[in-house]
Amino acid sequence: MAEVREKGYHHWEGQLREKGPVFWPITRTGIKLAFQRKRFKFLFALSFIPAISFAVGVYVSERLEDFKFMAQGAEKTLQVNPGFFKTYLSQDFIFFMILLLMALGGAGLIADDFRHKAIQLYFARPLTRLDYLLGKAGVVAFFVGLLTLVPAVVLFLLKLLFSGSFKFFLDYPWLLLSIIFYSAFLMVFFTCYILLASSLSKNRNFVIALIFAVYYLSEIVRGISYVIFRSPYSTLLSIMGNLQQVAAGVFQVRPAQDVPWYLSLLVLSVFCLLALIFLRRKLRGVEVIR
Amino acid sequence: MTAVIEARNLSRWYGNVLGISEITLNLEPGITALLGPNGAGKSTFMKIITGQLKPNIGQVAIFGQPVWNNRHIFRRLGFCPESDAFYEELTGLEFLTGLLSLYGFDRKECLDRADRALELVELQDVSRRPIRSYSRGMRQRIKIAQTIAHDPEVLILDEPLSGLDPLGKRRIIRLIKEFRDAGKTVVVSSHVLPEVEALTSEIVLIHNGKILARGDIHFIRELLDSHPHMIRIKSPQYRDLARLLSSQDYVLHISFEPEASAVVFETHHRDRFFDRLNELVLDPGLDLEEITSPDDNLQAVFDYLVER
Amino acid sequence: MREEIVRVFSLYFFLGKKSGRARTFFLLSSAAVLMALIIRTYRLAGHLTEDGQVIFQNFLMVFFLQFLIVLLGLFYGSSIVAEELDSRTLPYLTSRPVRRTAIIIGKYLAYLSLTSIMLVLAVLLSYLILNLDPDFRLKDLMTVLRYSAILWLGLAAYLAFFSFLGTWLKKPILVGLAFGFGWESVIQYFPGTTQKLSVAHFLKSLLPQYASSSGKLGFLFIRLEPTRPLVAVLILAGIVAVFLSLACLIFTYKEYLFED
């Protein structure tokens, strides 16, 4: 009698041959897909305007005598010091562009996988939940890094090149580390923020609305509570306020509000931790076919 | 018989991509199946005749009236779209009553009609569960329920049998036949010939946006039979199998794949070939591991018609 | 036509109530109530804060006017067609015996009702929490009702504008964000007729005003050149009528393709 064989799915137990980290294909695809979205390239280019103007600032700062006619009264602003880098890395426009770019290229990172029921396809492969999360996080971190770490390091190097000496480096030997630390912090924070929002709904438009709504709501709450309580601690309620306070602490400049910067660091770190716990729980709920 | 659906010179492009080209078709009461591979233009044709899309060229009329933006026609029309899309938060019953309310039925009538439709597709037991918890087959059946709940005279069903298990398929086929018996006009699309065979003998073959043939299914069957099929059988006794079948006059060619322990037959009589194969499995008891058709039969017919 | 609108309205009001996003937006709008509760508790604990009316005006101008009604209008308005396209449910609607105009107006009214409940509840509750004391008078109640009506008019205008964007554009949300939180804020700083190219201008003309700053840094402050109240109301009503009509017109003649 003929044997009837069952045709079905079998989990692949083989050895992974791909070179490099396991999560890299997810990151690579996410970055590629982001660039394929309409208007993304335009907005991406637009977000480098501050970097270009700051680069011009570095150039002018080295030739103040030549630009006297233009720079009159702005000498203080054109001083390249830790405050200059703090301003670049914590300006409203950079945060806004990060949100805008990530609304376009990051809102669907997890939401789309849930919507199209594709999430199980990831875990049917030799991928852990951590690999999946790292892969998605890589996409956000890549763009945030590109807008913060890369231009800030380039600005630092430009300053050294234009000045023709290592004096600037010797004056602030810790500055490069501060740039790296703060950029890394921004990468971690925005990664948690975007991935958390993306995991809250299957609807990409809803996620986009949420990304902006929470960010601006926190700013509004800060504004209202400041008017009412007149307390500088109101800044702890705002995402932007906290990011700027941490920047002031890391770059050792006077913070905008008279509140210890480590409190802001603590608030944002707790937020990231809660986001990661939520993401872990959300992914744990996905059924894995093996 | 008067045509219920009249399509004249319908053409539709999506940018540079051709959807359908110069389709002229009159469809009468009864079941008509649109048969064609994926991307042939079946769904585009169905979307045009249900007023979801406008043709670039040509006209379409149902009961002599244009379809686009004609709400009077929609009262007499039921459309089952291909996509697996729903208002996921709603229960099956809410989904049906909600859509029925758009026809202006009162609450009680909506409930009665929804209950009747749920009964017809055998989903009463799960009618109060959210659609997001439905299996693929249930989702397909609730989609069919929303098509028939308002008792339309014309039913346009885009791939209604996809995702259904054999039992579910049989139920829906029976239901569609009941609509035919009630004098309704049913248009069904599919790319699976045996499914279409079970439904109707009136078929329209669509390929690359054009109608290749229209007529009785037996005509298509003849075309299939005149065109040799390839059947690949994997078996440890593949040489014995070849020996036993080589004497049959409907076997035209035999080739071996020793590395895969398989043999490939070419035949112009699929049914007779499989009848004999069944006999051989029982006596002398050959052990078969896999039966596949390297060339898709339907595709072969299309290729044949295109060449012709 | 009226009957068709009512049918669409009933279906989408029910659907809107059941959706998870309604709960999220309800929670978001409750942020004002929560803040009001905190402030009231703080005051009851014996701490001094600003007067309840002054605090509420902050809520009104910053939270409700510049944030909540824009966000609700943007999300619900732009989703009128986009949500059907994203979830591929549009054929269920467009193959029913209802005019396309009725679909837009019915959905618009359903979402307006839903968001109005969120808005008016939040406005009334936060006002009452901040101001309800033995001195509370009927006049105060009339004031908050007037504020609610103005905000409601603003919500209706934003919802109509974003409904128009939603029927016209394939991806309306980002353009909507740029308009709602970019253009609407920036244009307020411009003098003369320029600032009248926003919905917010007419709403601010109807609400109690902040004193404009003058002096050297005067250009950094919003200088409202208010429109007469009756004209402002008429223009807001006109915005609703014009953009809703445009949305209906586009939806009637435009074909919508799913992304394949």
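The present account deals with the structure reproduced in this document.

How each quantity is defined
Residues numbered from 1 in each chain as written. Chains lettered and ligands numbered in written order. Predicted model: local features only at pLDDT ≥ 70, side-chain atom pairs only at ≥ 80, totals over all residues. Helix = DSSP H or I, 4+ residues; strand = E, 2+ residues; numbered from the N terminus. Rg over C-alpha atoms; globule rule 2.2 N^0.38 Å. Buried ≥ 20, exposed ≤ 12 C-beta atoms within 10 Å, placed from the backbone. Contact = placed C-beta atoms within 7 Å. Pairing = 2+ DSSP bridges. Axes fitted to C-alpha atoms, helices over the stretch in contact; angles between N-to-C directions. Nonpolar A, V, L, I, M, F, W, Y, C, P; charged D, E, K, R; others polar. Parallel < 35°, antiparallel > 145°, perpendicular 65-115°, else oblique. Left-handed = near helix turned anticlockwise from the far one by under 90°. Arc of directions from axis to C-beta.

**What to know about the overall build of chain C**
In step 1: Of the regular secondary structure elements, chain C holds 10 helices and 0 strands.
In step 2: Here chain C has a C-alpha radius of gyration of 20 Å; the compact-globule value for 260 residues is 18 Å, and the two agree.
In step 3: Expressed as lengths along the three principal axes of its C-alpha atoms, the size of chain C is roughly 60 × 40 × 35 Å.
In step 4: Out of the 260 residues in chain C, the part that is buried amounts to 44%.
In step 5: Within chain C, contacts between residues separated by at least 24 positions form 83% of all contacts whose residues are at least 6 apart in sequence.

**Topic: the environment of Y59 of chain A**
Residues and elements named next belong to chain A.
In step 1: Mapped onto the elements of the fold, Y59 is located in helix α3 (residues 49-62).
In step 2: The exposure class assigned to Y59 is partly exposed, which follows from the 15 C-beta atoms found within 10 Å.
In step 3: Between the C-alpha atom of Y59 and that of F162, which follows or precedes it by 103 residues, the distance is 6.7 Å.

**What to know about the sheet that holds strand β12 (residues 251-257) of chain B**
Residues and elements named next belong to chain B.
In step 1: Taken together, the 4 strands give an open sheet; going across it, the order is β12-β13-β11-β14, and neighbouring strands pair in antiparallel fashion. The sheet is open, and its two borders are formed by β12 and β14 (290-292), each paired with just one other strand. Strand after strand, the sheet turns through a mean of 20° between neighbouring axes, direction not considered.
In step 2: As defined by bridge partners, strand β11 (residues 229-234) adjoins β14 across 3 bridges and the pair is classed as antiparallel. The residue bridging R232 from the neighbouring strand is T292, located in β14.
In step 3: Taken strand by strand, helix α9 (residues 238-246) contacts β11, β12 and β13 (262-267), and its axis lies near 20° from that of β13.
In step 4: Here helix α10 (residues 270-282) sits on the sheet in contact with β11, β12 and β13, set at roughly 140° to β13.

**Notes on the interface of chain B and chain C**
In step 1: Counting residues at the interface gives 26 residues for chain B, matched by 23 residues for chain C.
In step 2: Of all the secondary-structure elements, those providing two or more residues to the side of chain B that touches chain C are α2 (71-74), β6 (77-80) and α3 (92-101) of chain B.
In step 3: Considered class by class, the residues forming the side of chain B that touches chain C number 12 nonpolar, 10 polar and 4 charged.

**Topic: unusual backbone geometry**
In step 1: Even without being glycine, F63 of chain B reaches a positive phi, approximately 50°.
In step 2: In the Ramachandran plot, R88 of chain C falls in the positive-phi region, its phi being about 60° despite a non-glycine side chain.
In step 3: The exposure class assigned to R88 of chain C is partly exposed, which follows from the 16 C-beta atoms found within 10 Å.

**Thoughts on the pairing of β11 of chain B**
Residues and elements named next belong to chain B.
In step 1: Of the two faces of β11, the one lined by H229, I231 and I233 is fully buried and the one lined by M230, R232 and K234 carries no buried residue.
In step 2: Pairing of β11 with β13 involves 6 bridges; the strand directions are antiparallel. The residue bridging M230 from the neighbouring strand is E266, located in β13.

**Some thoughts on the sheet that holds strand β5 (residues 65-66) of chain B**
All names here are of chain B.
In step 1: Spatial strand order, β2-β1-β4-β5: 4 strands in an open sheet with antiparallel pairing. Edge positions in the open sheet fall to β2 (17-27) and β5, since each of these has one partner strand only.
In step 2: Across 2 bridges, strand β4 (residues 57-62) lies against β5 in antiparallel orientation. If you follow A61 over to β5, its bridge partner there is P66.
In step 3: Those strands touched by helix α1 (residues 42-49) are β1 (5-14), β2 and β4, and its axis lies near 120° from that of β1.

**Thoughts on the packing of helix α12 (residues 175-199) of chain A against helix α15 (residues 261-284) of chain A**
Residues and elements named next belong to chain A.
In step 1: One can describe the packing of α12 onto α15 by two numbers: an axis separation of 9 Å at closest approach and a directional angle of 40°. The angle between α12 and α15 places the two elements in the oblique class. In the packing of α12 onto α15, the handedness of the crossing is left-handed. Contacts between α12 and α15 involve V188, F189, C192, Y193, L195, L196 and S199 on the former and, on the latter, L268, C272, A275, L276, F278, L279 and K282.
In step 2: Classifying every residue of the contact of α12 with α15 by side-chain character gives 12 nonpolar, 1 polar and 1 charged.

**Structural notes on the packing of helix α14 (residues 239-250) of chain A against α15 of chain A**
Residues and elements named next belong to chain A.
In step 1: Running from N to C, α14 and α15 cross one another at 130°; their axes reach a closest spacing of 8 Å. The angle between α14 and α15 falls in the class oblique. Crossing hand, α14 versus α15: left-handed. Only W261, Y262, S264, L265, V267 and L268 of α15 make contact with α14, whose side of the interface consists of N242, Q245, V246, A248 and G249.

**A word on α9 of chain B**
Residue and element names in this part refer to chain B.
In step 1: For α9, every residue scored as buried is listed here: Y238, L241 and L245. With its buried residues spanning 55° around the axis, α9 presents them on a single face. Exposed positions of α9 whose direction lies more than 90 degrees from the buried face are R243 and S246.
In step 2: Taken together, the buried residues of α9 touch β11, β12, β13 and α10.

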